[in-house]
Amino acid sequence: MAFDGTDKDWCAALPAQSTTSRRLRTAQFGDGYAQRILDGINNTERRFALRFELKTETVINAMTDYLEAQRGNAFPFKDQATGVTYQVWCDDWTVDWQRARFAANGVRAELRGTLSVEFTLAYGVTA
């Protein structure tokens, strides 16, 4: 599985947040004048803050195993809002666990997890 939109269990909850910013070099002059220029070829930074809410323990473990296996390398992510697939990377994530049902008669409680991630748009060679 992957975050490429091919599995409905791996689709983020809405609302999802996308942030875009420009990397600029700025020279501030004493008379209030500022000179600004885009910094580099790939100067647009885009980040996606996503939550995969109340997924089963199996799905959350598969997602975190996938992120671990990438080892900082880029992977495909399909933005649900635009339908565009981006190459992104993810350096850290958080999982919050809660019980969906309590255990009875020594049976293990069913857990549900919420995975919170921030995917960052990757440029260039993405091994």
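That block above? That's the structure.
The text that follows walks through the structure, step by step, so that each part is easy to find. The structure presented is a predicted model; accordingly, all values stated were derived computationally and were not measured.

Evaluated as defined, the whole model comprises zero disulfides. No disulfide involves cysteine 90; its nearest neighbouring cysteine sulfur is the one of cysteine 11, lying 16 Å away.

Okay, helix H1 (residues 57-70) next. In this model, H1 (14 residues) spans 20 Å end to end at C-alpha, consistent with the 20 Å of a helix rising 1.5 Å per residue. Buried residues belonging to H1 abut strand S4 (44-56), strand S5 (75-78), strand S7 (93-101) and strand S8 (110-121). Positive backbone phi, approximately 50°, marks arginine 71, located one or two places after H1.

This brings us to the nonpolar core. Among the nonpolar cores identified, the biggest contains 21 residues, and Phe3 and Phe119 are the most heavily contacted of them. Broken down by element, this core gets its largest block of residues, five residues, from H1. With near-sequence residues (within four places) excluded, phenylalanine 3 lies in contact with Trp10, Phe52, Met63, Tyr66, Leu67, Phe75, Pro76, Phe77, Lys78, Leu115 and Phe119.

About the cut-offs
Residues numbered from 1 in each chain as written. Predicted model: local features only at pLDDT ≥ 70, side-chain atom pairs only at ≥ 80, totals over all residues. Heavy atoms only, no water. Disulfide = S-S within 2.5 Å. Helix = DSSP H or I, 4+ residues; strand = E, 2+ residues; numbered from the N terminus. Expected span 1.5 Å × (residues − 1). Contact = heavy atoms within 4.5 Å. Core = buried A, V, L, I, M, F, W, Y, C linked by side-chain atoms within 4.5 Å. Buried < 20%, exposed > 50% of the residue type's maximum accessible area, 1.4 Å probe, protein only.

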